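Analysis of the macromolecular model
What follows is each chain in one-letter form.
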Amino acid sequence: MVSRVIPVEPFDLVIFGASGDLARRKIWPALWQRWQAGQIPPESRVIGAARAEQGPAEFRDWVRAALPAAAEGTEAFLARVDYVALDARGSAGWAALAGAVRRDVVQAYYFSVAPDLFGALAERLHAHGIAGPDARIVVEKPFGHDLQTARALNATLARHFEERQIYRIDHYLGKETVQNLMAVRFANILFEPLWNARYVDHVQITVAETVGVGGRGAYYDGSGALRDMVQNHMMQLLCLIAMEPPYHFDPDAVRDEKLKVIRALDPVRPSDIVRGQYRAGPEGPDYRSDAGNRRSVTESFVALKCGISNWRWKGTPFYLRTGKRLRARASEIAITFRDPPHFIFDDAPGWRGNVLSIRLQPNEGMNLSVMIKEPGPGGMRLVQVPLDMSFAEALGAEGTDMPDAYERLIMDVMRGNQTLFMRGDEVEAAWAWIDPILAAATDAPAPYDQGSAGPDEALALLHRDGRRWRAIAP
Ligand code: BG6
(Lines give C-alpha, C1' and ligand atoms only; values in the text may rest on other atoms or scores of the structure.)
Protein backbone atom coordinates (compact mmCIF):
# COMPACT_ATOMS: atom_id res chain seq x y z
CA MET A 1 0.00 0.00 0.00
CA VAL A 2 1.49 3.33 -0.96
CA SER A 3 0.60 6.26 1.21
CA ARG A 4 -0.43 9.32 -0.72
CA VAL A 5 1.04 12.57 0.43
CA ILE A 6 -1.03 15.46 -0.76
CA PRO A 7 0.79 18.74 -0.18
CA VAL A 8 -1.08 21.40 1.74
CA GLU A 9 -1.33 25.00 0.56
CA PRO A 10 1.72 27.18 1.26
CA PHE A 11 1.45 28.68 4.73
CA ASP A 12 3.00 30.95 7.30
CA LEU A 13 2.80 29.35 10.71
CA VAL A 14 3.67 31.44 13.74
CA ILE A 15 4.41 29.45 16.89
CA PHE A 16 4.05 31.44 20.09
CA GLY A 17 6.03 29.70 22.81
CA ALA A 18 8.30 28.42 20.06
CA SER A 19 11.01 27.22 22.39
CA GLY A 20 8.75 25.72 25.02
CA ASP A 21 8.51 22.09 25.99
CA LEU A 22 5.56 21.18 23.75
CA ALA A 23 7.16 22.89 20.78
CA ARG A 24 10.41 21.05 21.32
CA ARG A 25 8.88 17.62 21.87
CA LYS A 26 5.99 17.69 19.43
CA ILE A 27 5.49 20.67 17.15
CA TRP A 28 8.94 21.06 15.59
CA PRO A 29 9.50 17.32 15.07
CA ALA A 30 6.02 17.02 13.53
CA LEU A 31 6.67 19.86 11.10
CA TRP A 32 10.02 18.41 10.16
CA GLN A 33 8.47 14.97 9.52
CA ARG A 34 5.86 16.49 7.23
CA TRP A 35 8.54 18.50 5.48
CA GLN A 36 10.57 15.35 4.91
CA ALA A 37 7.46 13.60 3.61
CA GLY A 38 7.02 16.35 1.04
CA GLN A 39 3.70 17.59 2.41
CA ILE A 40 4.84 21.12 3.20
CA PRO A 41 5.35 23.28 0.12
CA PRO A 42 8.85 24.79 0.07
CA GLU A 43 7.54 28.35 0.03
CA SER A 44 5.92 27.85 3.45
CA ARG A 45 7.49 29.38 6.54
CA VAL A 46 7.48 28.73 10.25
CA ILE A 47 8.10 31.73 12.43
CA GLY A 48 9.09 31.08 16.00
CA ALA A 49 7.97 33.74 18.45
CA ALA A 50 9.09 33.86 22.06
CA ARG A 51 10.39 36.26 24.64
CA ALA A 52 14.12 35.49 24.34
CA GLU A 53 16.17 38.04 22.41
CA GLN A 54 18.02 36.05 19.79
CA GLY A 55 18.55 36.02 16.07
CA PRO A 56 17.10 33.53 13.58
CA ALA A 57 20.42 31.70 13.24
CA GLU A 58 20.65 31.05 16.95
CA PHE A 59 17.04 29.92 17.03
CA ARG A 60 17.57 27.57 14.08
CA ASP A 61 20.38 25.91 16.02
CA TRP A 62 17.93 25.30 18.83
CA VAL A 63 15.33 23.87 16.43
CA ARG A 64 17.98 21.64 14.83
CA ALA A 65 18.72 20.16 18.25
CA ALA A 66 15.00 19.46 18.78
CA LEU A 67 14.72 17.42 15.57
CA PRO A 68 14.88 13.65 15.83
CA ALA A 69 17.84 13.08 13.52
CA ALA A 70 20.17 14.79 11.12
CA ALA A 71 18.95 14.08 7.62
CA GLU A 72 19.12 15.35 4.11
CA GLY A 73 16.48 18.02 3.86
CA THR A 74 16.96 19.33 7.38
CA GLU A 75 18.90 22.42 6.33
CA ALA A 76 16.32 23.23 3.67
CA PHE A 77 13.65 22.94 6.37
CA LEU A 78 15.60 25.18 8.73
CA ALA A 79 16.02 27.74 5.98
CA ARG A 80 12.24 28.18 6.12
CA VAL A 81 12.38 28.91 9.86
CA ASP A 82 12.47 32.47 11.14
CA TYR A 83 12.35 34.04 14.59
CA VAL A 84 10.78 37.10 16.15
CA ALA A 85 11.37 38.10 19.77
CA LEU A 86 8.24 39.54 21.26
CA ASP A 87 6.46 40.40 24.44
CA ALA A 88 3.06 38.73 24.55
CA ARG A 89 1.67 41.26 27.01
CA GLY A 90 3.49 44.34 25.76
CA SER A 91 4.13 45.97 22.42
CA ALA A 92 7.73 44.92 21.71
CA GLY A 93 8.18 42.79 18.65
CA TRP A 94 4.66 42.99 17.24
CA ALA A 95 5.54 45.37 14.44
CA ALA A 96 8.32 43.00 13.40
CA LEU A 97 5.87 40.11 13.37
CA ALA A 98 3.43 42.16 11.28
CA GLY A 99 6.22 42.70 8.79
CA ALA A 100 7.14 39.04 8.70
CA VAL A 101 3.77 37.39 8.08
CA ARG A 102 2.52 37.25 4.50
CA ARG A 103 -1.09 38.02 3.64
CA ASP A 104 -1.38 35.85 0.52
CA VAL A 105 -0.80 32.43 2.07
CA VAL A 106 -2.61 30.39 4.72
CA GLN A 107 -1.94 31.99 8.10
CA ALA A 108 -1.90 29.95 11.28
CA TYR A 109 -0.98 30.96 14.82
CA TYR A 110 -0.12 28.25 17.30
CA PHE A 111 -0.68 29.38 20.90
CA SER A 112 1.76 26.99 22.57
CA VAL A 113 1.67 29.06 25.74
CA ALA A 114 -0.20 29.12 29.05
CA PRO A 115 -3.93 29.82 28.56
CA ASP A 116 -3.72 33.08 30.48
CA LEU A 117 -1.81 34.49 27.49
CA PHE A 118 -4.42 33.51 24.89
CA GLY A 119 -6.35 36.74 25.32
CA ALA A 120 -3.26 38.96 25.07
CA LEU A 121 -2.09 37.18 21.91
CA ALA A 122 -5.47 37.22 20.21
CA GLU A 123 -5.91 40.90 20.97
CA ARG A 124 -2.48 41.89 19.65
CA LEU A 125 -2.81 39.84 16.49
CA HIS A 126 -5.79 42.05 15.72
CA ALA A 127 -4.58 45.33 17.09
CA HIS A 128 -1.48 45.13 14.91
CA GLY A 129 -3.49 44.06 11.87
CA ILE A 130 -1.57 40.80 11.62
CA ALA A 131 -4.27 38.12 11.52
CA GLY A 132 -6.24 38.08 8.29
CA PRO A 133 -9.95 37.18 8.13
CA ASP A 134 -9.17 33.51 7.46
CA ALA A 135 -6.28 33.18 9.89
CA ARG A 136 -6.42 30.09 12.09
CA ILE A 137 -5.42 29.81 15.70
CA VAL A 138 -4.40 26.59 17.38
CA VAL A 139 -4.82 26.18 21.12
CA GLU A 140 -3.84 23.39 23.46
CA LYS A 141 -5.26 21.95 26.61
CA PRO A 142 -5.79 22.70 29.41
CA PHE A 143 -8.80 24.36 27.87
CA GLY A 144 -10.18 25.70 31.12
CA HIS A 145 -10.05 24.33 34.62
CA ASP A 146 -13.81 23.97 34.95
CA LEU A 147 -16.91 25.09 33.11
CA GLN A 148 -16.62 28.69 34.19
CA THR A 149 -13.01 29.14 33.09
CA ALA A 150 -13.63 27.25 29.83
CA ARG A 151 -16.51 29.60 29.05
CA ALA A 152 -14.32 32.60 29.82
CA LEU A 153 -11.59 31.26 27.54
CA ASN A 154 -14.04 30.63 24.73
CA ALA A 155 -15.41 34.14 25.17
CA THR A 156 -11.89 35.61 25.06
CA LEU A 157 -11.07 33.88 21.81
CA ALA A 158 -14.48 34.68 20.35
CA ARG A 159 -13.80 38.39 20.75
CA HIS A 160 -11.25 38.20 17.95
CA PHE A 161 -11.79 34.91 16.12
CA GLU A 162 -14.77 33.05 14.77
CA GLU A 163 -15.34 29.43 15.73
CA ARG A 164 -14.35 28.32 12.21
CA GLN A 165 -10.90 29.83 12.88
CA ILE A 166 -10.28 28.13 16.24
CA TYR A 167 -8.54 24.73 16.36
CA ARG A 168 -8.62 23.24 19.87
CA ILE A 169 -6.21 20.35 19.93
CA ASP A 170 -6.95 17.09 21.67
CA HIS A 171 -4.04 15.03 20.46
CA TYR A 172 -5.96 11.77 20.99
CA LEU A 173 -8.12 12.70 18.01
CA GLY A 174 -5.00 12.73 15.85
CA LYS A 175 -4.05 9.17 16.76
CA GLU A 176 -4.39 6.80 13.85
CA THR A 177 -6.42 4.17 15.68
CA VAL A 178 -8.75 6.71 17.21
CA GLN A 179 -9.73 7.81 13.75
CA ASN A 180 -9.98 4.20 12.80
CA LEU A 181 -12.83 3.89 15.27
CA MET A 182 -14.90 5.96 12.90
CA ALA A 183 -13.79 3.94 9.88
CA VAL A 184 -14.56 0.65 11.60
CA ARG A 185 -17.98 1.80 12.72
CA PHE A 186 -19.14 3.68 9.68
CA ALA A 187 -17.47 1.95 6.75
CA ASN A 188 -18.57 -1.57 7.71
CA ILE A 189 -22.06 -2.98 7.97
CA LEU A 190 -20.91 -5.67 10.35
CA PHE A 191 -20.78 -3.82 13.64
CA GLU A 192 -23.41 -1.12 13.46
CA PRO A 193 -26.51 -3.35 13.85
CA LEU A 194 -25.04 -4.74 17.08
CA TRP A 195 -23.81 -1.39 18.34
CA ASN A 196 -26.42 -0.70 21.00
CA ALA A 197 -27.64 -1.65 24.46
CA ARG A 198 -29.55 -4.65 23.12
CA TYR A 199 -26.33 -6.38 22.10
CA VAL A 200 -23.57 -4.64 24.01
CA ASP A 201 -23.22 -5.68 27.63
CA HIS A 202 -20.71 -3.02 28.56
CA VAL A 203 -17.81 -0.95 27.26
CA GLN A 204 -14.41 -0.51 28.91
CA ILE A 205 -12.07 2.31 28.02
CA THR A 206 -8.61 2.09 29.53
CA VAL A 207 -5.72 4.50 29.13
CA ALA A 208 -2.93 3.14 31.30
CA GLU A 209 0.48 4.76 31.60
CA THR A 210 3.69 3.68 33.28
CA VAL A 211 5.06 7.20 33.69
CA GLY A 212 4.59 9.16 36.88
CA VAL A 213 4.07 12.89 37.19
CA GLY A 214 7.63 13.75 38.22
CA GLY A 215 8.87 16.74 36.28
CA ARG A 216 5.39 18.21 35.81
CA GLY A 217 4.09 17.72 39.31
CA ALA A 218 3.07 21.33 39.85
CA TYR A 219 0.82 21.38 36.79
CA TYR A 220 -0.52 17.91 37.43
CA ASP A 221 -1.32 18.46 41.07
CA GLY A 222 -3.62 21.32 40.16
CA SER A 223 -5.29 19.11 37.62
CA GLY A 224 -5.42 15.35 38.34
CA ALA A 225 -6.53 12.49 36.15
CA LEU A 226 -10.11 13.73 35.85
CA ARG A 227 -9.07 17.04 34.33
CA ASP A 228 -5.92 15.84 32.61
CA MET A 229 -7.33 12.76 30.86
CA VAL A 230 -11.05 12.17 31.43
CA GLN A 231 -12.50 15.56 30.53
CA ASN A 232 -10.73 15.52 27.18
CA HIS A 233 -9.04 12.39 25.81
CA MET A 234 -11.30 9.77 27.37
CA MET A 235 -14.39 11.82 26.69
CA GLN A 236 -13.43 11.96 23.03
CA LEU A 237 -12.96 8.19 22.89
CA LEU A 238 -16.30 7.65 24.56
CA CYS A 239 -17.96 9.99 22.06
CA LEU A 240 -16.52 8.20 19.04
CA ILE A 241 -17.75 4.86 20.39
CA ALA A 242 -21.18 6.08 21.41
CA MET A 243 -22.16 8.67 18.81
CA GLU A 244 -24.78 8.21 16.12
CA PRO A 245 -23.53 8.00 12.55
CA PRO A 246 -23.09 11.58 11.30
CA TYR A 247 -24.83 12.29 7.99
CA HIS A 248 -21.44 12.97 6.43
CA PHE A 249 -17.81 12.95 7.49
CA ASP A 250 -17.91 16.67 7.88
CA PRO A 251 -16.52 18.67 10.82
CA ASP A 252 -19.75 20.00 12.20
CA ALA A 253 -21.75 16.86 11.46
CA VAL A 254 -19.24 14.79 13.46
CA ARG A 255 -19.00 17.32 16.27
CA ASP A 256 -22.79 17.68 16.51
CA GLU A 257 -23.07 13.95 17.14
CA LYS A 258 -20.30 13.95 19.73
CA LEU A 259 -21.96 16.83 21.55
CA LYS A 260 -25.24 14.89 21.76
CA VAL A 261 -23.42 12.04 23.50
CA ILE A 262 -21.86 14.33 26.09
CA ARG A 263 -25.21 15.93 26.80
CA ALA A 264 -26.81 12.51 27.26
CA LEU A 265 -24.25 11.36 29.84
CA ASP A 266 -25.79 10.58 33.21
CA PRO A 267 -24.33 12.28 36.26
CA VAL A 268 -21.79 9.98 37.93
CA ARG A 269 -22.83 8.84 41.40
CA PRO A 270 -20.14 9.13 44.10
CA SER A 271 -20.33 5.35 44.58
CA ASP A 272 -19.46 4.89 40.89
CA ILE A 273 -16.07 6.55 41.01
CA VAL A 274 -12.76 5.48 42.50
CA ARG A 275 -9.79 7.81 42.70
CA GLY A 276 -6.29 6.65 43.49
CA GLN A 277 -2.75 7.86 44.18
CA TYR A 278 0.37 5.78 43.56
CA ARG A 279 2.60 4.69 46.39
CA ALA A 280 6.39 4.78 46.31
CA GLY A 281 7.75 1.88 44.32
CA PRO A 282 10.58 0.55 42.21
CA GLU A 283 10.00 3.14 39.50
CA GLY A 284 10.16 6.15 41.77
CA PRO A 285 8.78 8.06 44.74
CA ASP A 286 5.12 8.26 45.66
CA TYR A 287 2.69 10.61 43.99
CA ARG A 288 2.86 13.20 46.72
CA SER A 289 6.63 13.50 46.42
CA ASP A 290 6.40 13.73 42.63
CA ALA A 291 3.75 16.39 43.03
CA GLY A 292 5.77 18.28 45.65
CA ASN A 293 2.73 18.36 47.91
CA ARG A 294 2.66 16.05 50.93
CA ARG A 295 -1.03 16.71 51.57
CA SER A 296 -2.23 16.39 48.04
CA VAL A 297 -5.61 14.76 47.46
CA THR A 298 -5.26 14.97 43.66
CA GLU A 299 -5.84 11.67 41.88
CA SER A 300 -3.23 10.02 39.66
CA PHE A 301 -5.75 7.29 38.86
CA VAL A 302 -9.46 7.30 38.29
CA ALA A 303 -11.99 4.64 37.40
CA LEU A 304 -15.65 5.40 36.92
CA LYS A 305 -18.86 3.98 35.64
CA CYS A 306 -21.19 6.09 33.58
CA GLY A 307 -24.36 5.66 31.64
CA ILE A 308 -25.77 7.33 28.55
CA SER A 309 -29.44 8.17 28.58
CA ASN A 310 -30.50 7.75 24.99
CA TRP A 311 -32.28 5.06 22.98
CA ARG A 312 -29.09 3.45 21.78
CA TRP A 313 -27.27 3.09 25.08
CA LYS A 314 -29.68 3.11 28.00
CA GLY A 315 -28.70 0.11 30.11
CA THR A 316 -25.13 -0.35 28.85
CA PRO A 317 -22.56 0.89 31.33
CA PHE A 318 -19.34 2.51 30.14
CA TYR A 319 -16.41 1.95 32.48
CA LEU A 320 -13.51 4.38 32.16
CA ARG A 321 -10.11 3.91 33.76
CA THR A 322 -6.88 5.85 33.49
CA GLY A 323 -3.82 6.25 35.65
CA LYS A 324 -0.11 6.83 36.00
CA ARG A 325 2.50 4.32 37.12
CA LEU A 326 0.33 1.36 36.20
CA ARG A 327 1.43 -2.06 35.08
CA ALA A 328 1.91 -1.24 31.42
CA ARG A 329 1.45 1.48 28.86
CA ALA A 330 -1.68 0.24 27.21
CA SER A 331 -4.72 2.00 25.85
CA GLU A 332 -7.66 0.03 24.69
CA ILE A 333 -11.39 0.17 24.13
CA ALA A 334 -13.20 -3.10 24.66
CA ILE A 335 -16.80 -3.71 23.68
CA THR A 336 -18.21 -6.79 25.36
CA PHE A 337 -21.28 -8.19 23.67
CA ARG A 338 -24.11 -9.96 25.45
CA ASP A 339 -24.51 -13.70 25.59
CA PRO A 340 -26.62 -15.41 22.93
CA PRO A 341 -30.25 -15.50 24.02
CA HIS A 342 -30.27 -19.28 24.25
CA PHE A 343 -27.35 -21.61 24.59
CA ILE A 344 -27.65 -24.97 22.84
CA PHE A 345 -24.38 -26.58 23.89
CA ASP A 346 -24.07 -28.61 27.07
CA ASP A 347 -20.39 -28.19 27.60
CA ALA A 348 -19.26 -24.61 27.69
CA PRO A 349 -16.79 -24.27 30.52
CA GLY A 350 -14.80 -21.60 28.74
CA TRP A 351 -17.76 -19.59 27.60
CA ARG A 352 -17.09 -15.91 27.45
CA GLY A 353 -18.93 -13.38 25.36
CA ASN A 354 -17.66 -11.86 22.17
CA VAL A 355 -15.35 -8.96 22.81
CA LEU A 356 -14.22 -6.45 20.24
CA SER A 357 -11.10 -4.76 21.50
CA ILE A 358 -9.55 -1.84 19.76
CA ARG A 359 -5.99 -1.25 20.75
CA LEU A 360 -4.95 2.39 20.57
CA GLN A 361 -1.35 2.04 21.67
CA PRO A 362 1.07 0.43 21.57
CA ASN A 363 0.64 -2.32 18.93
CA GLU A 364 -2.34 -0.68 17.27
CA GLY A 365 -4.91 -3.15 16.10
CA MET A 366 -8.25 -4.84 16.57
CA ASN A 367 -9.19 -8.13 18.05
CA LEU A 368 -12.54 -9.88 18.02
CA SER A 369 -12.84 -12.84 20.31
CA VAL A 370 -15.22 -15.54 19.10
CA MET A 371 -16.21 -18.98 20.31
CA ILE A 372 -15.38 -21.94 18.12
CA LYS A 373 -15.27 -25.68 18.50
CA GLU A 374 -12.08 -26.96 19.98
CA PRO A 375 -10.41 -28.97 17.25
CA GLY A 376 -10.33 -32.74 17.60
CA PRO A 377 -12.68 -35.67 17.90
CA GLY A 378 -13.39 -35.22 21.61
CA GLY A 379 -16.95 -33.97 21.33
CA MET A 380 -18.41 -30.51 21.05
CA ARG A 381 -16.16 -28.50 23.30
CA LEU A 382 -16.03 -24.76 22.85
CA VAL A 383 -13.05 -22.51 23.06
CA GLN A 384 -12.61 -18.76 22.73
CA VAL A 385 -10.13 -17.64 20.07
CA PRO A 386 -9.08 -14.24 18.86
CA LEU A 387 -9.63 -13.01 15.34
CA ASP A 388 -6.62 -10.78 15.54
CA MET A 389 -5.73 -7.95 13.26
CA SER A 390 -2.58 -6.10 13.96
CA PHE A 391 -2.53 -2.97 11.83
CA ALA A 392 1.23 -3.29 11.54
CA GLU A 393 0.90 -6.72 9.98
CA ALA A 394 -2.13 -5.94 7.88
CA LEU A 395 -0.75 -2.71 6.51
CA GLY A 396 2.93 -3.59 6.27
CA ALA A 397 5.43 -0.79 6.73
CA GLU A 398 2.69 1.82 6.87
CA GLY A 399 1.14 0.10 9.84
CA THR A 400 4.31 0.40 11.88
CA ASP A 401 5.17 3.83 10.69
CA MET A 402 2.17 5.75 11.91
CA PRO A 403 2.57 9.49 11.94
CA ASP A 404 2.51 11.23 15.28
CA ALA A 405 -0.86 12.76 16.10
CA TYR A 406 0.62 16.24 15.84
CA GLU A 407 1.70 15.70 12.25
CA ARG A 408 -1.84 14.98 11.14
CA LEU A 409 -3.41 17.68 13.27
CA ILE A 410 -1.08 20.46 12.14
CA MET A 411 -1.62 19.51 8.49
CA ASP A 412 -5.39 19.53 9.12
CA VAL A 413 -5.07 23.09 10.39
CA MET A 414 -3.40 24.05 7.12
CA ARG A 415 -6.12 22.25 5.14
CA GLY A 416 -8.78 24.06 7.13
CA ASN A 417 -10.36 20.82 8.34
CA GLN A 418 -11.75 21.01 11.87
CA THR A 419 -13.13 17.46 12.11
CA LEU A 420 -10.48 16.33 14.57
CA PHE A 421 -10.63 19.45 16.73
CA MET A 422 -12.94 20.16 19.63
CA ARG A 423 -15.62 22.74 19.18
CA GLY A 424 -16.24 25.26 21.94
CA ASP A 425 -19.65 23.86 22.88
CA GLU A 426 -18.23 20.34 23.11
CA VAL A 427 -15.56 21.47 25.55
CA GLU A 428 -18.10 23.29 27.66
CA ALA A 429 -20.48 20.31 27.71
CA ALA A 430 -17.64 18.06 28.85
CA TRP A 431 -16.85 20.44 31.71
CA ALA A 432 -20.52 20.70 32.63
CA TRP A 433 -20.53 16.92 33.07
CA ILE A 434 -17.29 16.70 34.98
CA ASP A 435 -17.68 19.73 37.27
CA PRO A 436 -20.04 17.95 39.73
CA ILE A 437 -17.71 14.93 39.76
CA LEU A 438 -14.81 17.21 40.66
CA ALA A 439 -16.85 18.99 43.30
CA ALA A 440 -17.60 15.65 44.97
CA ALA A 441 -13.99 14.41 44.73
CA THR A 442 -12.63 15.89 47.94
CA ASP A 443 -11.71 12.78 49.92
CA ALA A 444 -8.20 11.31 49.95
CA PRO A 445 -7.62 9.01 46.97
CA ALA A 446 -7.01 5.30 47.63
CA PRO A 447 -3.31 4.39 47.51
CA TYR A 448 -2.17 1.85 44.91
CA ASP A 449 1.08 0.08 44.14
CA GLN A 450 3.24 1.11 41.24
CA GLY A 451 3.05 -1.51 38.52
CA SER A 452 -0.47 -2.54 39.54
CA ALA A 453 -3.84 -2.06 37.86
CA GLY A 454 -4.83 0.66 40.33
CA PRO A 455 -6.45 0.46 43.75
CA ASP A 456 -8.48 -2.63 44.69
CA GLU A 457 -11.53 -0.43 45.05
CA ALA A 458 -11.46 -0.04 41.26
CA LEU A 459 -11.76 -3.79 40.83
CA ALA A 460 -14.81 -3.77 43.05
CA LEU A 461 -16.47 -1.21 40.78
CA LEU A 462 -16.94 -3.98 38.20
CA HIS A 463 -17.10 -6.98 40.52
CA ARG A 464 -20.24 -5.72 42.13
CA ASP A 465 -21.83 -5.65 38.66
CA GLY A 466 -20.66 -9.22 38.00
CA ARG A 467 -17.98 -8.04 35.55
CA ARG A 468 -14.23 -7.66 35.55
CA TRP A 469 -11.69 -5.34 34.10
CA ARG A 470 -9.59 -6.57 31.24
CA ALA A 471 -5.93 -7.11 32.00
CA ILE A 472 -3.58 -4.18 31.54
CA ALA A 473 -0.94 -5.78 29.36
CA PRO A 474 1.76 -4.32 27.14
C1 BG6 B 1 -1.51 14.46 27.96
C2 BG6 B 1 -1.57 14.44 29.45
O3 BG6 B 1 -2.55 15.24 27.44
O4 BG6 B 1 -1.62 13.13 27.47
C5 BG6 B 1 -0.48 13.55 30.02
O6 BG6 B 1 -1.42 15.77 29.94
C7 BG6 B 1 -0.54 12.19 29.41
O8 BG6 B 1 -0.59 13.47 31.43
C9 BG6 B 1 -0.58 12.27 27.91
O10 BG6 B 1 0.62 11.48 29.83
C11 BG6 B 1 -0.84 10.91 27.28
O12 BG6 B 1 -0.67 10.99 25.90
P13 BG6 B 1 -0.15 9.74 25.06
O14 BG6 B 1 -0.22 10.21 23.65
O15 BG6 B 1 1.24 9.43 25.55
O16 BG6 B 1 -1.11 8.62 25.36
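Residues numbered from 1 in each chain as written. Predicted model: local features only at pLDDT ≥ 70, side-chain atom pairs only at ≥ 80, totals over all residues. Heavy atoms only, no water.

1. Examining the overall build of the protein
Assigned secondary structure in the protein consists of 16 helices and 16 strands. Relative to the globule expectation of 23 Å for 474 residues, the C-alpha radius of gyration of the protein, 24 Å, shows essentially globular dimensions. A principal-axis box enclosing the C-alpha atoms of the protein has dimensions of 80 × 55 × 45 Å. Burial analysis of the protein (474 residues in total) assigns 54% to the buried set. Nonlocal contacts in the protein, meaning residues at least 24 apart in sequence, comprise 76% of its contacts between residues at least 6 apart. If you sum the accessible surface of the protein, you get close to 20900 Å²; carbon and sulfur atoms cover 54% of it. Taking the 55 positively charged and 59 negatively charged side chains of the protein as two groups, their mean positions are separated by 3 Å. (Helix = DSSP H or I, 4+ residues; strand = E, 2+ residues; numbered from the N terminus. Rg over C-alpha atoms; globule rule 2.2 N^0.38 Å. Buried < 20%, exposed > 50% of the residue type's maximum accessible area, 1.4 Å probe, protein only. Contact = heavy atoms within 4.5 Å. Areas by Shrake-Rupley, 256 points an atom, 1.4 Å probe, with all protein chains shown as cover. Lys, Arg positive; Asp, Glu negative; His and termini not counted. Charge placed at Lys NZ, Arg CZ, Asp CG, Glu CD.)

2. Details of the packing of helix α7 (residues 176–186) against helix α9 (residues 224–242)
What describes two packed helices is the angle between their axes and the distance between those same axes. As a packed pair, α7 and α9 sit with axes 9 Å apart at the nearest point and diverge in direction by 10 degrees. If you check the angle between α7 and α9, you find them roughly parallel. Seen from α7, the contacting residues are Val178, Leu181, Met182 and Arg185; seen from α9, they are Leu237, Leu240, Ile241 and Ala242. Taken together, the residues of the contact of α7 with α9 break down into seven nonpolar, no polar and one charged. (Axes fitted to C-alpha atoms, helices over the stretch in contact; angles between N-to-C directions. Parallel < 35°, antiparallel > 145°, perpendicular 65-115°, else oblique. Nonpolar A, V, L, I, M, F, W, Y, C, P; charged D, E, K, R; others polar.)

3. Quick look at empty space enclosed by the protein
One pass over the full model with this rule turns up one cavity of 30 Å³ or more. As a volume, the largest cavity reaches approximately 30 Å³. Together, Phe11, Trp35, Ile40, Ser44, Val46, Phe77 and Arg80 line the largest cavity. Tallied by class, the residues present in the lining of the largest cavity amount to five nonpolar, one polar and one charged. (1 Å grid on protein atoms, 1.4 Å probe; cavity = no way out; pocket = protein on both sides within 12 Å on 5 of 7 lines; lining within 4 Å. Points joined across faces, edges and corners; volume = space filled by probe spheres on them.)

4. Brief notes about the site of the ligand
Residues in close proximity to the ligand include Lys141, His171, Tyr172, Lys175, Glu209, Arg216, Asp228, Met229, His233, Lys324, Arg329 and Gln361, which together make up its full environment. Contact distances for the ligand include 2.8 Å between an oxygen atom and a side-chain N or O atom of histidine 171. For the ligand, an oxygen atom lies 2.7 Å from a polar atom in the side chain of histidine 233. Top element by residues in the shell around the ligand is α9. It accounts for three residues. The residue makeup of the shell around the ligand, split by class, is two nonpolar, three polar and seven charged. (Near = heavy atom within 4 Å. Polar contact = N/O pair within 3.5 Å; in protein donor to acceptor, adjacent residues only side chain to side chain.)

5. Quick word on the pairing of strand β10 (residues 318–323)
Of all six residues in β10, six are buried, a share of seventy percent or more. Here β10 shows a buried face lined by Phe318, Leu320 and Thr322 and a second buried face lined by Tyr319, Arg321 and Gly323. Sheet topology note: the strand β7 (residues 200–208)/β10 ladder contains six bridges and is parallel. Considered in β10, the bridge of glutamine 204 is made with tyrosine 319. (Pairing = 2+ DSSP bridges.)

6. Some thoughts on the pattern of salt bridges
Tallied over the full model, the rule gives 40 salt bridges. Across the pair aspartate 12 and arginine 102 runs a salt bridge whose closest N-O atoms are separated by 2.6 Å. You can see aspartate 12 sitting in strand β1 (residues 11–16) and its partner arginine 102 sitting in the loop between α4 (94–100) and β4 (106–111), a full 90 residues away along the chain. The exposure class assigned to aspartate 12 is buried, which follows from its relative accessible area of 1%. (Salt bridge = Lys/Arg side-chain N within 4 Å of Asp/Glu carboxyl O.)

7. Observations concerning the sheet that holds strand β5 (residues 136–139)
Taken in spatial order, the seven strands make up an open sheet running β3-β2-β1-β4-β5-β6-β15, and their pairing is mixed. Whereas interior strands pair on both sides, the edge strands pair on one side only; in this sheet they are β3 (81–85) and β15 (421–422). Here strand β2 (residues 45–50) pairs with β3 via five bridges, running parallel. Bridge pairing in β3 links alanine 50 to alanine 85.

8. Structural notes on unusual backbone geometry
In this structure, the amide linkage connecting lysine 141 to the following residue, proline 142, adopts the cis form with an omega of 5 degrees. Mapped onto the secondary structure, proline 142 falls in the loop between β5 and α6 (147–158). Glutamine 361 connects to proline 362 through a cis peptide bond whose omega is -20 degrees. Its location among the elements puts proline 362 in the loop between β12 (355–361) and β13 (365–373). Even without being a glycine, arginine 325 presents a positive backbone phi close to 55 degrees. Looking at the element boundaries, arginine 325 is found in the loop between β10 and β11 (330–337). We classify arginine 325 as buried; its relative accessible area is 13%. Notably, asparagine 363 is not glycine yet its phi reads approximately 55 degrees, a positive angle.

9. Things to note about helix α2 (residues 56–66)
Of the residues making up α2, those classed as buried are Phe59, Val63 and Ala66. Down the axis, α2 shows its buried residues gathered within 50 degrees of arc, on one side only. Counted as exposed and oriented over 90 degrees from the buried face of α2: Ala57, Glu58 and Ala65. Buried-residue contacts for α2 involve α1 (21–36), β2, α3 (74–78) and β3. (Arc of directions from axis to C-beta.)

10. Some words on the packing of aromatic side chains
Summed over all chains, the structure comprises 17 aromatic pairs. Taking the centre distance of 5.6 Å and the plane angle of 70 degrees together, the rings of tryptophan 28 and phenylalanine 59 count as edge-to-face. Pair noted here: tryptophan 28 is in helix α1 and phenylalanine 59 is in helix α2, with a separation of 31 residues, a long-range link. As far as burial versus exposure is concerned, tryptophan 28 and phenylalanine 59 are alike and both buried. (Phe/Tyr/Trp six-rings, centres within 6.5 Å; stacked < 30°, edge-to-face > 60°.)

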